[in-house]
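Observations on the three-dimensional arrangement
Chain by chain, the residues run as shown.
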Amino acid sequence: MDANLPERIRSRLTPEAPTLVVSHGMPVVELAPAQLSAAVRALRDEFGFDMLLDVTAVDWPGQALRFEVVYHLYSTRDFVRLRLKTRVAEADPVVDSLVPLYGSAAFMERECHDMFGIRFRGNDDLRPILLYEGFAGHPLRKDYPKLQEQPLVPYREA
Amino acid sequence: MDIKIANPVRPIYAPSGADDGRVIVNIGPSHPATHGTVQIITELDGERILRADVHCGYLHRGFEKECEAHTWHNLIPYVDRLNYCSGLINDFAYCQAVERLMGIEITPRTRILRTLLSEYSRIGDHITCVAAALMELGAMTAFLYLMTLRDYIWEHIADATGARVTYSYGRIGGLARDLPPGWLKRLEEVLVEYDTYIERIHGLMDRNRIYIDRMRRVGTLSQADAISYGCTGPMLRSTGLARDVRKDTPYLAYADLDFEVPTGILGDNYDRYVVRMREMDESVHMIRQLVDMLPEGPINVDDPRCVLPEKKLVYSEIESLITHFKLIIDGPRVPAGEVYAAQEGANGELGFYIVSTGEGQPWRVHCRAPSFVHMGVAHRMLQGGQLADLVPTFGSINMIGGECDR
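These numbers come from a predicted model, not from an experiment. Starting afresh in each chain, residues are numbered from 1 along the sequence in its written order. Chains and ligands are labelled by the order in which they are written, letters from A for the one and numbers from 1 for the other. This being a predicted model, a pLDDT of at least 70 is required before a residue's local features are given, and a value of 80 or more before pairs of side-chain atoms are given or counted; all residues contribute to the totals for chains, interfaces and linings.

A few points about the overall build of chain B
Heads up, the rule is: Secondary structure elements are taken from DSSP: a helix is a run of H or I of four residues or more, a strand is a run of E of two residues or more, and numbering for both begins at the N terminus. Both definitions apply: the radius of gyration is a C-alpha atom measure, and the globule rule equals 2.2 Å times residues to the power 0.38. A residue is called partly exposed when the number of other C-beta atoms within 10 Å of its own lies between 12 and 20, exposed at 12 or fewer, and buried at 20 or more, with C-beta atoms placed from the backbone. Note that contacts rest on C-beta atoms placed from the backbone: two residues are in contact if these are within 7 Å.
Each helix and strand counted, chain B has 16 helices and eight strands in total. A globule of 406 residues ought to have a C-alpha radius of gyration of about 22 Å, and chain B, at 23 Å, matches this closely. The principal-axis extent of the C-alpha atoms belonging to chain B is close to 80 × 55 × 45 Å. Taking all 406 residues of chain B together, the buried fraction comes to 50%. Of the contacts made within chain B by residues no fewer than 6 positions apart, 71% connect residues no fewer than 24 positions apart.

So, the sheet that holds strand E2 (residues 39–45) of chain B
Residue and element names in this part refer to chain B. To be explicit about the condition: Only strands that DSSP links by at least two bridges are regarded as paired with each other. Fitted lines through C-alpha atoms give the axes, limited to the stretch in contact for helices. The angle between two N-to-C directions lies from 0 to 180 degrees.
Strand order in this open sheet of three strands is E1-E2-E3, and the pairing throughout is antiparallel. Where the open sheet ends on each side, the last strands, each with one partner, are strand E1 (22–27) and strand E3 (48–55). If you compare each strand with its neighbour and ignore which way they point, the axes differ by 20 degrees on average. Where E1 and E2 come together, six bridges link them in antiparallel fashion. Each bridged residue has a counterpart across the sheet, and for Val23 the counterpart in E2 is Leu44.

Side note on helix H13 (residues 318–329) of chain B
At 3.6 residues per turn, the α-helix brings residues three or four places apart onto the same side. Convention followed: What a helix should span is 1.5 Å times the count of its residues minus one.
Counted at 1.5 Å a residue, the expected span for H13 of chain B with its twelve residues is 16 Å, and the 16 Å between its end C-alpha atoms agrees. Phi turns positive, to about 90 degrees, at Gly331 of chain B, one or two residues after H13 of chain B.

Brief notes about the nonpolar core
As a reminder of what qualifies: Each nonpolar core reported here comprises buried Ala, Val, Leu, Ile, Met, Phe, Trp, Tyr and Cys residues connected via C-beta atoms within 7 Å.
In this structure, Leu73 of chain A together with Val98 of chain B are the most contacted members of the largest nonpolar core, which totals 152 residues. The element that contributes the greatest number of residues to this core is helix H4 (residues 108–136) of chain B, accounting for 13 residues. Apart from residues no more than four positions distant in its own chain, Leu73 of chain A is found in contact with Leu43, Phe49, Met51, Leu52, Leu53, Arg81, Leu82 and Leu84 of chain A.

So, the interface of chain A and chain B
For clarity, the threshold we go by: In this count, Pro and Cys sit with the nonpolar residues alongside Ala, Val, Leu, Ile, Met, Phe, Trp and Tyr, while Asp, Glu, Lys and Arg are called charged and the others, Gly among them, polar.
With 34 residues of chain A in contact, the opposing surface of chain B contributes 40 residues. Those elements that provide at least two residues to the side of chain A that touches chain B are strand E3 (51–59), strand E4 (67–75), strand E5 (80–88) and helix H3 (105–116) of chain A. Taken together, the residues that form the side of chain A that touches chain B break down as 19 nonpolar, seven polar and eight charged.

Looking at unusual backbone geometry
In this structure, Phe79 of chain A is a non-glycine residue whose phi angle is positive, near 60 degrees. By the element assignment, Phe79 of chain A lies in the loop between E4 and E5. Its identity is not glycine, yet Asn398 of chain B carries a phi of approximately 60 degrees, on the positive side. Tracing the chain through its elements places Asn398 of chain B in the loop between helix H15 (390–397) and helix H16 (401–405). Residue Asn398 of chain B is classed as buried on the basis of its 28 C-beta neighbours within 10 Å.

A word on the pairing of strand E8 (residues 364–368) of chain B
Side chains on a regular strand alternate between the two faces of the sheet. Residues and elements named next belong to chain B. Of all five residues making up E8, five are buried, and the element is well covered by its neighbours. The alternating pattern of E8 places Arg364, His366 and Arg368 and Val365 and Cys367 on opposite faces, both of which are buried. Sheet topology note: the strand E7 (residues 348–356)/E8 ladder contains five bridges and is antiparallel. Among the inter-strand pairings, Phe352 is bridged to a residue of E8, identified as Cys367.

Here we look at the pairing of strand E1 (residues 19–23) of chain A
Residue and element names in this part refer to chain A. Across the five residues of E1, zero count as buried, placing the element largely on the outside. Pairing analysis gives five bridges linking E1 to strand E2 (residues 26–31), with the strands arranged antiparallel. Bridge pairing in E2 places Thr19 opposite Glu30. Connecting E1 to the next strand, E2, in antiparallel fashion are two residues, including His24 with a positive phi near 50 degrees.

So, the packing of helix H6 (residues 183–205) of chain B against helix H11 (residues 269–293) of chain B
Residues and elements named next belong to chain B. The following threshold applies: Here is the rule for angles: anything less than 35 degrees is roughly parallel, anything more than 145 is roughly antiparallel, 65 through 115 is roughly perpendicular, and the remaining ranges are oblique. By convention the crossing between two helices is left-handed if the near helix lies anticlockwise of the far one by an angle smaller than a right angle, and right-handed if it lies clockwise.
Where H6 meets H11, the axes come as close as 11 Å, and the angle between the chain directions of the two elements is 160 degrees. As judged from the angle between their axes, H6 and H11 are roughly antiparallel. The way H6 lies across H11 gives a crossing that is left-handed. Counting all contacts with H6, which are made through Leu184, Leu187, Leu191, Tyr194 and Ile198, the residues of H11 involved are Met280, Val284, Ile287 and Val291. Partitioning the contact of H6 with H11 into residue classes produces nine nonpolar, no polar and no charged.

Here's the deal with the environment of Glu199 of chain B
Residue and element names in this part refer to chain B. Note on placement: Glu199 falls in helix H6. According to the C-beta neighbour criterion, Glu199 is exposed, with 11 such atoms within 10 Å. Each C-alpha atom, one on Glu199 and one on Val274, is 13 Å from the other, the two residues being 75 residues apart in sequence.

What about the packing of H4 of chain B against helix H5 (residues 140–161) of chain B?
Residue and element names in this part refer to chain B. Orientation of H4 relative to H5, taken along the N-to-C sense of each, is 160 degrees, at an axis distance of 9 Å. In terms of axis orientation, H4 runs roughly antiparallel to H5. When you trace H4 past H5, the crossing you get is left-handed. The segment H4 lies against H5, with Tyr120, Ile123, Gly124, Ile127, Thr128, Val130, Ala131, Leu134 and Met135 engaging Met140, Ala142, Phe143, Leu146, Met147, Leu149, Arg150, Ile153, Trp154 and Ile157.

So, in structure tokens, the structure goes:
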């Protein structure tokens, strides 16, 4: 990784998203949900982060902004990975969709919606992907009991 | 019995009812060509696919949820079951992520052994993919040759790990055990068999008119699409872009190895076949280098935070007994933090994003599964093609259900 890259990203994204640290060799940017789309567009168009590797979330129950939505970007030109994090509250877990920027966002956001109930504004296909129609709740939230069952097919009488 | 079972999926389109010749055909999830379980709802005009709606998730078993309820060590067997054609790469990718968070540097012997076994697994995985894709096109001879070869490899890996498919061989800070005596001698024998069998496959398939007609310019993926849809591994390389985690951000011993990154031209099914066949040759080339590099020495690091003490000491001194006990009951203490570590899995970038709060159990384990990402672009490769080409195209993606659905 180019040693100046974190500083260049920081100055480009300031003042909206100045929080940038380098963690285990990877630049990590924290920003507000409102800044997400513009920041990702800048990263893609000006810094060469042309691949969206991954979208997921982390649940921190008890915190005011409960869900941390985590993105991993990759530059196929400079071989650099970058992590983007944004926090949303449980009452209104909405972030902008990255589907207009990356094709891969479609499936990954669907999975994140399945598992955490994060809604992605602009992704109009948030049907269940790993779960099924009618599944109640979001299993990767910490308050979803691990042993809860929701069988589609009723159990047979013994 | 009169039980109403809800439909688990909602297709994005329904039969229009108009007399325009369009029909909806449902393929899978239980279909012999959808190795693993995947459902593809297609809208057809005659034999041509107009739209395809790919549904995965039939093999979802809550891997990430289950991880949060186990110690860092206990979930290694689950990790095996992601890509069950090359479980060792999963093991090592996961261990690498945890080790990076703990700041552990693995021993030189383990570093080489993990690289060697990763490449050996990659051969097994590519063989599985190519063999299945060939069989689905009716090439039974090629399939049986490749399965024979794969069995040599898997039986040989079983000699070292104790299992053919689900190995549980990686350990945080090392490996479960060292190689048994004579393993490397047998390795050379298997590599000679590899040459014999793969030569037959090249002879049967490479210039086979029927095969080329079915594979060339079928299931084409453009390079722009491949990047936009996050494709990695042979999928991306088949479009002509030589991106490989082993080369671009080297890990393990890859920086010290001499190997090439094969690429395709058109990004079609034939290119994916060629890329996989060439990659296997590169893997063999790497394995031969690694055998020469393999140093003597310990396989586990000397770190009581994660490595179990020797049995002899557990039975004879109290500190080791307590360490053993604490590691089993509480799990290794991984410092609080988060890390994303990626390795080149057999079908693309296999990444583990782990979050620790400093406990013996993970707060969050997320697997960036290449199969799942590739399923997101499958409809682009299928649309506009023939229905009969759906099977080889899907086969060439090498979707592994355990990894895709987690």
